[in-house]
Amino acid sequence: MTETPAVAPTMPRIGDPAPSFTASTTQGEIQFPADYAGSWVIFFSHPADFTPVCTTEFMTFASMQEDFAKLNTKLVGLSVDGLYSHIAWLRTIKDKIVFRGMEDVEVTFPLIDDITMEIARKYGMIMPGEDSTKAVRAVFVVDPTGTIRTIIYYPLSLGRNFDELRRVIVALQTADVFAVATPADWRPGDPVIVPPAGSCGVAKDRMEGADEGVTCVDWFFCTKEISAEAVTEAIAAA
Ligand code: BEZ
């Protein structure tokens, strides 16, 4: 008897084009990522409507929406619930829920109806070891060209750190604008990493201070200062 080979689940990876789909959302139909060309997007999943951790996350996302907009970043949510459930849940959040000083919170970013789980499966948001009928808390950061730049997963029980999500956007934009990398726990105003040069000759020049403003402590470890103001201005202009 021949065994049918198990089909390995697929998921997009960092550097891949974001898989495209058409979806029905609380803000009408969207074509993803085409409708978002030119913007950064945080595309995220949550396990279920009418659940407490997800409620706190939606209130936090909604309260940060303007801040993300200033970073040219839009929000798109998804769960494997239907549109009427989404609408009822978001209305309940607005009418009743108070969390950490937030109340009367209106969620105006699109929340995708993915009752068939088609999109969640396409993006590897269903992790059966955790739950086969709910999406985990996945975060896909998609850049203005529609390329996936960061993927973060959290289990059902763990609410996301929104300060970190904002930091990821600022760090990615800083890396793009200045052609640098950002070290552990980087915040705007901290030194950035100047990637190692392609040749030893260039690296040696760097060690001798050939690149203005670059400090090297070894051939592979060079930093430079970029002020928080320069970061803010440059990413706003990008
Ligand atoms: C919540 O959002 O509270 C939640 C959802 C699914 C499982 C556990 C918690």
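Residues numbered from 1 in each chain as written. Predicted model: local features only at pLDDT ≥ 70, side-chain atom pairs only at ≥ 80, totals over all residues. Heavy atoms only, no water.

## Remarks on the state of the cysteines
Okay, so step 1: On inspection of all chains with the given rule, the structure shows 1 disulfide.
Okay, so step 2: Across the disulfide, cysteine 216 is cross-linked to cysteine 222 (sulfur-sulfur distance 2.0 Å). Here the disulfide of cysteine 216 and cysteine 222 is right-handed, its torsion about the S-S bond being about 105°. Both residues of the pair, cysteine 216 and cysteine 222, belong to the buried class. (Disulfide = S-S within 2.5 Å. Buried < 20%, exposed > 50% of the residue type's maximum accessible area, 1.4 Å probe, protein only.)

## Observations regarding the site of the ligand
Okay, so step 1: Neighbouring the ligand are Pro47, Thr51, Pro52, Val53, Cys54, Arg137 and Leu156.
Okay, so step 2: Between threonine 51 and the ligand, the recorded distance is 3.0 Å, taken from a side-chain N or O atom to an oxygen atom.
Okay, so step 3: Backbone polar atom of cysteine 54 to an oxygen atom of the ligand: 2.8 Å apart, as the coordinates give it.
Okay, so step 4: The protein chains hide 78% of the 260 Å² of surface that the ligand would expose on its own.
Okay, so step 5: No other element matches the 3 residues that helix 1 (residues 52-63) contributes to the shell around the ligand.
Okay, so step 6: Across the shell around the ligand, the residue classes tally to 5 nonpolar, 1 polar and 1 charged. (Near = heavy atom within 4 Å. Polar contact = N/O pair within 3.5 Å; in protein donor to acceptor, adjacent residues only side chain to side chain. Areas by Shrake-Rupley, 256 points an atom, 1.4 Å probe, with all protein chains shown as cover. Helix = DSSP H or I, 4+ residues; strand = E, 2+ residues; numbered from the N terminus. Nonpolar A, V, L, I, M, F, W, Y, C, P; charged D, E, K, R; others polar.)

## Quick look at the domain arrangement of the protein chain
Okay, so step 1: Each domain of the protein chain was delimited in the assignment, giving domain 1 (21-172) and domain 2 (179-237).
Okay, so step 2: Taking only C-alpha atoms into account, the centre of domain 1 sits 33 Å from that of domain 2.
Okay, so step 3: Opposite the 5 residues of domain 1 that make contact, domain 2 presents 8 residues.
Okay, so step 4: Where domain 1 abuts domain 2, roughly 520 Å² becomes buried across the two surfaces, and 58% of that area is made up of carbon and sulfur atoms. (Domains from an automatic or database assignment. Contact = heavy atoms within 4.5 Å. Buried area = accessible area lost by both parts, 1.4 Å probe.)

## Some details on the nonpolar core
Okay, so step 1: The biggest cluster of nonpolar side chains holds 37 residues, and the ones touching the most others in it are Ile42, Phe58, Phe61, Phe68 and Phe109.
Okay, so step 2: Elements that contribute at least two residues to this core include exactly strand 3 (40-45), helix 1, helix 3 (83-96), strand 6 (137-142), strand 7 (148-154), helix 5 (162-178) and helix 7 (228-237).
Okay, so step 3: Sorting elements by how many residues they give to this core places helix 5 first, with 7 residues.
Okay, so step 4: Residue-level mapping places this core at the junction of two domains, with at least three residues from each of domain 1 (21-172) and domain 2 (179-237).
Okay, so step 5: Beyond its immediate chain neighbours, meaning those up to four positions away, phenylalanine 68 contacts Ile42, Phe61, Thr73, Leu75, Leu165, Arg166 and Ile169. (Core = buried A, V, L, I, M, F, W, Y, C linked by side-chain atoms within 4.5 Å.)

## Comments concerning helix 3
Okay, so step 1: Helix length check: helix 3, at 14 residues, gives a terminal C-alpha distance of 20 Å against a target of 20 Å (1.5 Å per residue), a fit within 8%.
Okay, so step 2: The inward-facing, buried residues of helix 3 contact helix 1, strand 4 (73-79) and strand 5 (111-113). (Expected span 1.5 Å × (residues − 1).)

## With respect to the sheet that holds strand 10 (residues 221-224)
Strand pairing in a sheet relies on backbone hydrogen bonds. The paired strands run either parallel or antiparallel.
Okay, so step 1: What the 3 strands build is an open sheet, ordered 8-10-9; its pairing is antiparallel. Looking at the sheet topology across the chains shown, the edges are occupied by strand 8 (192-194) and strand 9 (214-218). Here the average twist between neighbouring strands, direction ignored, is 40°.
Okay, so step 2: Pairing analysis gives 4 bridges linking strand 9 to strand 10, with the strands arranged antiparallel. Within strand 10, the position partnered with cysteine 216 by the bridge is cysteine 222. (Pairing = 2+ DSSP bridges. Axes fitted to C-alpha atoms, helices over the stretch in contact; angles between N-to-C directions.)

## Concerning unusual backbone geometry
Okay, so step 1: Note the cis peptide between phenylalanine 32 and proline 33, where omega equals 0°.
Okay, so step 2: Positive phi is not limited to glycine here, since methionine 117 has a value of about 70°.

## Observations regarding the environment of valine 142
Okay, so step 1: Of note, valine 142 is situated in strand 6.
Okay, so step 2: We classify valine 142 as buried; its relative accessible area is 1%.
Okay, so step 3: Between the C-alpha atoms of valine 142 and methionine 102, which are 40 residues apart in sequence, the distance is 28 Å.
Okay, so step 4: Those residues within four positions of valine 142 in sequence are excluded, and the remaining contacts are Ala18, Phe32, Ser39, Trp40, Val41, Thr147 and Ile148.

## Some thoughts on helix 7
A turn of α-helix holds 3.6 residues, and therefore any two residues three or four places apart point the same way.
Okay, so step 1: Listed in full, the buried residues belonging to helix 7 are Val231, Ala234 and Ile235. Along the long axis of helix 7, the arc covered by the buried residues comes to 90°, so they all point the same way. For helix 7, exposure combined with an orientation more than 90 degrees from the buried face picks out Glu229, Thr232, Glu233, Ala236 and Ala237.
Okay, so step 2: Tucked into the core, helix 7 has its buried residues touching helix 5. (Arc of directions from axis to C-beta.)

## A word on the pattern of salt bridges
Okay, so step 1: Under the counting rule described, the total for this entry stands at 10 salt bridges.
Okay, so step 2: The salt bridge involving arginine 149 is made with aspartate 143; its shortest N-O contact spans 3.1 Å.
Okay, so step 3: Since its relative accessible area comes to 21%, arginine 149 is described here as partly exposed.
Okay, so step 4: Looking at aspartate 143, the relative accessible area reads 9%, which means it is buried.
Okay, so step 5: Of the charged contacts in the structure, one is a salt bridge between aspartate 163 and arginine 187, with a shortest N-O distance of 3.3 Å. On the criterion of sequence distance, the pair formed by aspartate 163 in helix 5 and arginine 187 in the loop between helix 5 and strand 8 is long-range, its members being 24 residues apart.
Okay, so step 6: What makes arginine 187 partly exposed here is its relative accessible area of 36%. (Salt bridge = Lys/Arg side-chain N within 4 Å of Asp/Glu carboxyl O.)

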